[in-house]
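Here is what each chain is made of, one letter per residue.
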Amino acid sequence: MTVSLLVITHNQLGQELINIATSILGNYLFEIEFISISAKIKPSDLGLYADQIKNKISQLSIANPSNNGILILTDICGATPYNLAKYFAVDININIVSGINLPMLLSVLNYPNQSLQALSLTAIEGARKGIKQD
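Asks: Help me understand the pattern of salt bridges in this model?
Replies: Once their charged atoms are close, side chains differing in charge can pair, the charge on each being opposite to the other. One pass over the full model with this rule turns up three salt bridges. Taking the shortest distance from any N to any O, the salt bridge between Glu33 and Lys56 comes out at 3.1 Å. A residue pair is termed long-range when its members are at least 10 positions apart, and Glu33 in strand S2 (residues 32–37) and Lys56 in helix H2 (residues 46–63) qualify at 23 residues. Looking at Lys56, the relative accessible area reads 18%, which means it is buried. Residues Lys132 and Asp134 are paired through a salt bridge, measuring 3.6 Å at the closest nitrogen-oxygen approach. On the basis of relative accessible area, Lys132 is assigned to the exposed category, the value being 69%. Residue classification places Asp134 among the exposed residues on the basis of a relative accessible area of 86%.

Set out below in structure tokens:
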């Protein structure tokens, strides 16, 4: 079984990236879960989003009994999606990579058999190679 993939972004950014990646690649071997967090989050809604992330991580852990781990991709390091993911990733086989872009997601989806550590590096390298100045 492959590493589980969870995308957590502001608004629908992650869902749109997943939609585009799907249209480019067609089928892929990952089950991708997505959580949208409002860019205008109210403090009173923080618990709702925290519960969503906690529940999704729990579901992915149960669905992956071989414990290959969970790769979480977020949009901005230090923002709410990243901070909530980091809070719930303690003592669990989870890596978080921030700065999601389309090249990062496509790179991850092309390597479903990599370990969690290798896939995290693939995500970072894919994002880096997808940025170029001419």
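Asks: Where do I start with the packing of helix H1 (residues 13–25) against helix H4 (residues 102–109) in this structure?
Replies: For any two helices packed against each other, the geometry is given by the interaxial angle and the distance between the axes. Running from N to C, H1 and H4 point in directions that differ by 55 degrees, and their axes come no closer than 10 Å. Between H1 and H4, the angle falls in the class oblique. In terms of crossing hand, the pair formed by H1 and H4 is right-handed. Residues Leu17, Ile18, Ile20, Ala21, Ile24 and Leu25 of H1 form the contact with H4, whose own contacting residues are Leu102, Leu105, Leu106 and Leu109. Here the contact of H1 with H4 is built from residues that sort into 10 nonpolar, no polar and no charged.

Asks: Looking at this structure, I do not really get the sheet that holds S2. What am I missing?
Replies: Hydrogen bonds along the backbone pair up the strands of a sheet, which may run parallel or antiparallel. Read from one edge of the open sheet, four strands run S2-S1-S3-S4, paired in parallel fashion. Looking along the sheet, the strands with just one partner apiece sit at the ends: S2 and strand S4 (94–98). On average, each strand axis in the sheet is inclined to that of its neighbour by 20 degrees, with strand direction left out of account. In this structure, strand S1 (residues 4–10) lies alongside strand S3 (residues 70–74), joined through five bridges in parallel fashion. The residue bridging Ser4 from the neighbouring strand is Ile70, located in S3. Each of S1 and S2 is contacted by H1, which is oriented at about 130 degrees to S1, the strand it contacts most.

Asks: Honestly, the side chain of Thr9 in this entry has me stumped. Any pointers?
Replies: Its location among the elements puts Thr9 in strand S1. Of the polar contacts made by the side chain of Thr9, one reaches the backbone nitrogen of Gly14; its length is 2.8 Å. Setting aside chain neighbours within four positions, we find Thr9 in contact with Gly14, Phe34, Ile35, Ser36, Ile37, Asp75, Pro81 and Ile100.

Asks: Help me out: how do you make sense of unusual backbone geometry in this one?
Replies: What is expected of a backbone is that most residues other than glycine have negative phi and most peptide bonds are trans. Phi is positive for Asn11, which is not a glycine, with a value near 50 degrees. Structurally, Asn11 can be placed in the loop between S1 and H1.

Rules used throughout
Residue positions within a chain follow its written sequence, with the count starting from 1. In keeping with the predicted nature of the model, local features appear solely for residues at pLDDT of at least 70, side-chain atom pairs appear and are counted solely at 80 or more, and the whole-chain, interface and lining totals rest on all residues. Hydrogens and waters are ignored; side-chain quantities use all the structure's heavy atoms. The working definition used for a salt bridge is a side-chain nitrogen of Lys or Arg within 4 Å of a carboxyl oxygen of Asp or Glu. Under the DSSP-based scheme used, a helix requires at least four consecutive residues in state H or I and a strand at least two consecutive residues in state E, with every element numbered from the N terminus. Exposure classes here rest on a 1.4 Å probe applied to the protein chains alone. A residue is buried below 20% of its type maximum, exposed above 50%, and partly exposed in between. Angles shown run from 0 to 180 degrees and are taken between the N-to-C directions of axes, each axis being a line fitted to C-alpha atoms and, for helices, limited to the stretch in contact. Every angle not falling under 35 degrees, over 145, or within 65 to 115 is termed oblique; those three ranges are roughly parallel, roughly antiparallel and roughly perpendicular. Should the near helix be turned counterclockwise from the far one by less than a right angle, the crossing is left-handed, whereas a clockwise turn marks it as right-handed. Residue contacts are defined here by distance: any two heavy atoms, one from each residue, within 4.5 Å place the two residues in contact. Any residue that is not Ala, Val, Leu, Ile, Met, Phe, Trp, Tyr, Cys, Pro, Asp, Glu, Lys or Arg is counted as polar, Gly included; the first ten are nonpolar and the last four charged. Two strands form a pair only when DSSP identifies at least two bridges running between them. In protein, a polar contact requires one atom able to donate a hydrogen and another able to accept it; more generally it is a pair of N or O atoms within 3.5 Å, and residues adjacent in sequence count only if both atoms are side-chain atoms.

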